[in-house]
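Each chain, letter by letter, is given below.
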Amino acid sequence: MNALSATNRNFRQAARILGLDSKIEKSLLIPFREIKVECTIPKDDGTLVSYVGFRVQHDNARGPMKGGIRYHPEVDPDEVNALAQLMTWKTAVADIPYGGAKGGIGCNPKDLSKSELERLTRVFTQKIHDLIGINTDVPAPDMGTNAQTMAWILDEYSKFHGHSPAIVTGKPIDLGGSLGREAATGRGVVYAAEALLAEHGKSIKDLTFSIQGFGNVGSWAAMLIHKKGGKVVAVSDITGAVKNPNGLDIPALLQHKERTGTLTDFDGGDAMDSDEVLTHECDVLIPCALGGVLNRENAGNVRAKYIIEAANHPTDPEADEVRSCSQV
């Protein structure tokens, strides 16, 4: 099930439970604005390459629209639409005065040099600058982007509208960013885990964890769980996967990843198939990567007692119907 179908299905189910009027339900399923732009840049070798960028502004009824920009090969209109819709629901549920938006470019950032990424980001900003704004739509980092990406957006946007540090969140501290922003999502995952486990009379230090995704969110969650005495027994990302039934040394694994750029060949654990991290024996599974990784085919094989969702819609609605575990 693709991301938009899954998100729409969940929303329709929630609408039925809430008894929403059909006209309101239909209105909330249709985004306020969808933007698709062509981004052509010169590569470092002088050749030209074109990418497609998207920005979907879903709803602004509760305030300026808000949502990340991701760089990933699988970025497409349906995924961005679904993620924008999810941002609307998240800000509303948390009672934050924002609406929902999302953006992205279909590219693999690992195949681009830093200068190529800067050119791509600036061209994308040039194409959408008149449709975003501090009181309209505020981008943020997401998968494949970071504080540096936000700094480029801020700088390019400011060429057209004057210095506007509030145009993005997740920017460097020196440009007005927030202390703690880098760790915030991973820390929130740990808070959610602590709240769920407390309801069941358990704590992090007594349990084992399997973490799928070792980017910003997954690495911070792993580090904080490790510091609280939890055992992270399996970790994966796009470079590979590693396991240790006695618990991985997360600081050492982070140093290895920073030094080598990969999880493979880590001395403190054994290699494993990346897909097996989702079904690895553990108490708590934390998917921190792409959406739809838990589906009808593999949900029944999940051995974790609890699932903490740290990615956007990692669980398909069909997998939700498998009642073998608790989720938050």
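What this report covers is the structure whose coordinates are included nearby. Think of each chain on its own: its residues are numbered from 1, step by step along the sequence as written. Thresholds applied to this predicted model are a pLDDT of at least 70 for local features of residues and 80 or more for the giving and counting of side-chain atom pairs; totals over whole chains, interfaces and linings are not thresholded and use all residues. Hydrogens are left out, water is left out, and the side-chain values use all remaining heavy atoms of the structure.

Right, let's get into the packing of aromatic side chains. Stacked, tilted and edge-to-face pairs are distinguished by plane angle, under 30 degrees for stacked and over 60 for edge-to-face with tilted covering the rest, among Phe, Tyr and Trp rings (Trp via its six-membered ring) whose centres lie within 6.5 Å. Here the structure, examined in full by the defined rule, presents one aromatic pair. With a centroid separation of 4.8 Å and an interplanar angle of 5°, the aromatic rings of Phe 11 and Trp 89 are classed as stacked. Of this pair, Phe 11 sits in helix α1 (residues 3-18) while Trp 89 sits in helix α3 (residues 77-93), and the two are 78 residues apart along the sequence. Assessed through its relative accessible area of 9%, Phe 11 is described here as buried. Each helix is a run of DSSP H or I of at least 4 residues and each strand a run of E of at least 2, with the numbering of both proceeding from the N terminus. Summary of the burial criterion: residues with accessible area below 20% of their type's maximum are buried, those above 50% are exposed, and those between are partly exposed, where the area comes from a 1.4 Å probe applied to protein chains only.

Remember that side chains alternate between the two faces of the sheet whenever the strand is regular. Any two strands between which DSSP finds at least two bridges are classified as paired. Bridge count between strand β1 (residues 33-42) and strand β2 (residues 48-59): ten bridges; the pairing is antiparallel. Residue Ile 41 lies in a different strand from β2, and its bridge partner there is Val 49. Between β1 and β2, which pair antiparallel one after the other, the connecting turn spans five residues, and Gly 46 there sits at a positive phi close to 95°.

The next thing to look at is unusual backbone geometry. The backbone phi angle of Asp 265 is positive, close to 65°, even though this residue is not glycine. Phi at His 313 is positive, roughly 40°, even though this residue is not glycine. Along the polypeptide, His 313 turns up in the loop between β11 (306-307) and α9 (317-320). The buried category is assigned to His 313, whose relative accessible area is 18%.

We call a set of buried residues a nonpolar core when its members are Ala, Val, Leu, Ile, Met, Phe, Trp, Tyr or Cys and they connect through side-chain atoms within 4.5 Å of each other. In terms of nonpolar packing, the biggest core is built from 30 residues, with Phe 209, Val 235, Leu 253 and Ile 286 touching the most fellow members. Listing elements by their share of this core, those giving two or more residues are α6 (181-199), β6 (208-212), α7 (216-227), β7 (231-237), α8 (250-260) and β10 (284-287). Per-element accounting of this core gives the leading share, six residues, to α7. We call two residues contacting when some pair of their heavy atoms lies within 4.5 Å. Those residues within four positions of Phe 209 in sequence are excluded, and the remaining contacts are Leu 197, Ile 204, Ile 225, Gly 230, Lys 231, Val 232, Val 233, Ala 234, Cys 282, Val 284 and Ile 286. Membership of the second largest hydrophobic core comes to 24 residues, among which are Ile 41, Ile 69, Cys 107 and Leu 112.

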